[in-house]
Amino acid sequence: MINSLDFARHGDKQNSAFFEEYLQKLLEERDQLGLTDMIQEIDALMITVDPDHSIQYIAELSLMTSYHYLVTLETEKHWTHVLRIDLNSPDLLVREVKDPNLRGIFRALNEIYPVGARKPNSRYMGEIIRVNNMHEVVKLQEAREFRFFTQDEVRKLELPGNVAISKPSPYTHNIVGYMKRDPGELRVYALGISTIRPDVQAAYDQAKDQQAKLRIDDLILPVDHLATRVYSQNREVAILEYLSWSSYFFWGAYNIWDQNSSTNVTKSVHGFAETKSPAKVFTANNTPYFVNHLEKLPSPTETFVRNYGPRLHHIALSVKDGTRDGKENIDFVVDAIASQGKGFLLDVIGSKEEGLKQIFSNASEHSSLIIEYVQRYDGFDGFFTRDNVAKLTEAAGVEEGVLEQQAKLSQGIA
């Protein structure tokens, strides 16, 4: 039997006695129930965009990532575009709402936040995780008081009928889906009518042609990690909740003192490469927003959550180690993408001596998600250096939509 507690702990962030007690209890229980063995890698990432944004977003992703357009699944109220690299990496399901007046639970999660409400359907929804016995996993999770949408609710929400889907988390607002699939078996999503849309295919082809001309198509690798931002008071429970839903373990946490925040990492106990089952990172302020006026500390993470809501902040992609035309590959990729009008929040930071280089793109106008590029040197085992993550957190804190909202608040007009 796998021991989910038998992994080295990294970092310097001190957790509460509650966290340490229930981390042990929950993971021991998960192992003993057999859930850890039955729950495997992340099979798909689900993203929703507003009407008329999916084609542009697919073109953006086709240029900036290694994903390929596969097929479109059409239902009455949505198009769901399936993007795939291969079966060793998660799919992307890009779901477009057809009617701008359509209302529902996922839109409601955006509308109570000032910046999130501007794009009411633009959000990361969550992950679909492969399991080898969906009936047993769902039964055990329900016995642990986790809640799922009913089959009728899944049908009304127009989500894949062969996926057991959780209710949104109160801490991250993300959902988790379980899909039964044997290793090597094709991924199939039971949803709507399957077509290849000529307009989507044309946008994809054009972007991939440009990616090839820029000579970056072989340098961008699959997803490395997914970073969620939550309120300071929800950091520990959000991590414990996700560990209970998944077969991940707590890798560790680092205090980012300069930015008054911490970065917390979870990884698969099954030893999958991050490109097969991305690490899940949780970032939170160390102090809540209402003490900022007293402590005068930076608050980029809490500010983001207050304006967008708890949600996924960025998707990180690996860049192949090496150089091209005298540049490190990450610099070559970023320069090429910037030449196509895509913006970045800061310059590439880090170095070969530190073990890795990283950068954040501007938030996508279609999904509100940031793309991070990471190049590791000589097998560097980690997700950041302390200096790098402080600079990345600071850069994300000056994201345009958040700054604009803060200015309105200070003027009393929001």
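Predicted model, so just to flag it, every value in this text is computed and none were measured.

Our next topic: the overall build of the protein chain. Scanning the protein chain from N- to C-terminus turns up 13 helices and 19 strands. By the compact-globule yardstick of 22 Å for 414 residues, the protein chain fits well, its C-alpha radius of gyration being 20 Å. Viewed in the frame of its principal axes, the protein chain has a C-alpha envelope of about 55 × 50 × 50 Å. Burial analysis of the protein chain (414 residues in total) assigns 59% to the buried set. Expressed as a percentage of contacts within the protein chain between residues at least 6 apart in sequence, the contacts between residues at least 24 apart total 72%.

The next subject is the domain arrangement of the protein chain. On domain assignment, one finds that the protein chain holds domain 1 (38-211) and domain 2 (215-412). Between the C-alpha centres of domain 1 and domain 2 there is a distance of 21 Å. Each partner contributes to the interface: domain 1 provides 49 residues, whereas domain 2 provides 56 residues. Both faces combined, the contact of domain 1 with domain 2 buries some 4,500 Å², and carbon together with sulfur accounts for 59% of it. Summed over the shared surface of domain 1 and domain 2, the result is three salt bridges. The partner of Lys280 in a salt bridge is Glu127, with the nearest N and O atoms 3.1 Å apart. Taken together, domain 1 and domain 2 are joined by 25 residue pairs in polar contact (both at pLDDT 80 or more). Those elements that place two or more of their residues in the side of domain 1 that touches domain 2 are strand 2 (39-49), helix 3 (54-64), strand 6 (123-131), strand 8 (175-180) and helix 7 (198-213).

What the eight strands build is an open sheet, ordered 7-8-6-2-5-4-3-9; its pairing is mixed. Each end of this open sheet is capped by a strand with a single partner; those strands are strand 7 (163-165) and strand 9 (193-195). Shown here is a sheet whose adjacent strand axes are inclined to one another by a mean of 25°, direction ignored. Relative to strand 8, helix 5 (residues 134-143) is tilted by about 145°, and along the sheet it contacts strand 2, strand 6, strand 7 and strand 8.

This next bit is on helix 11 (residues 329-338). Helix 11 sits mainly inside the fold: eight of its ten residues count as buried. Every buried residue of helix 11 is listed here: Asn329, Ile330, Asp331, Phe332, Val333, Val334, Ala336 and Ile337.

If you trace the nine strands from one edge of the open sheet to the other, you get 1-11-12-13-10-14-19-18-17, paired in mixed fashion. At either end of the open sheet lies a strand with only one pairing partner, and these are strand 1 (10-11) and strand 17 (349-351). Across three bridges, the pairing between strand 17 and strand 18 (residues 356-360) is antiparallel. Residue pairing in the sheet places Gly350 in a bridge with Lys357 of strand 18.

Further remarks concern the pattern of salt bridges. In total, this model carries 27 salt bridges according to the counting rule given. One salt bridge in this structure joins Glu41 and Lys276, with 3.7 Å as the shortest N-O distance. Of this pair, Glu41 sits in strand 2 while Lys276 sits in the loop between strand 12 (261-268) and strand 13 (279-285); the two residues are 235 residues apart in sequence, bridging distant segments of the chain. Using a relative accessible area of 3% as the deciding quantity, one classes Glu41 as buried.

Orientation of helix 1 (residues 17-33) relative to helix 8 (residues 235-245), taken along the N-to-C sense of each, is 5°, at an axis distance of 10 Å. Here helix 1 is positioned roughly parallel relative to helix 8, judged by the angle of their axes. When helix 1 is examined against helix 8, the residues Phe18, Phe19, Tyr22, Leu23, Leu26, Leu27 and Arg30 are found in contact with a partner set consisting of Glu236, Val237, Ile239, Leu240, Leu243 and Ser244. Grouping the amino acids of the contact of helix 1 with helix 8 by side-chain chemistry returns ten nonpolar, one polar and two charged.

Rules and cut-offs
Residues numbered from 1 in each chain as written. Predicted model: local features only at pLDDT ≥ 70, side-chain atom pairs only at ≥ 80, totals over all residues. Heavy atoms only, no water. Helix = DSSP H or I, 4+ residues; strand = E, 2+ residues; numbered from the N terminus. Rg over C-alpha atoms; globule rule 2.2 N^0.38 Å. Buried < 20%, exposed > 50% of the residue type's maximum accessible area, 1.4 Å probe, protein only. Contact = heavy atoms within 4.5 Å. Domains from an automatic or database assignment. Buried area = accessible area lost by both parts, 1.4 Å probe. Salt bridge = Lys/Arg side-chain N within 4 Å of Asp/Glu carboxyl O. Polar contact = N/O pair within 3.5 Å; in protein donor to acceptor, adjacent residues only side chain to side chain. Pairing = 2+ DSSP bridges. Axes fitted to C-alpha atoms, helices over the stretch in contact; angles between N-to-C directions. Parallel < 35°, antiparallel > 145°, perpendicular 65-115°, else oblique. Nonpolar A, V, L, I, M, F, W, Y, C, P; charged D, E, K, R; others polar.

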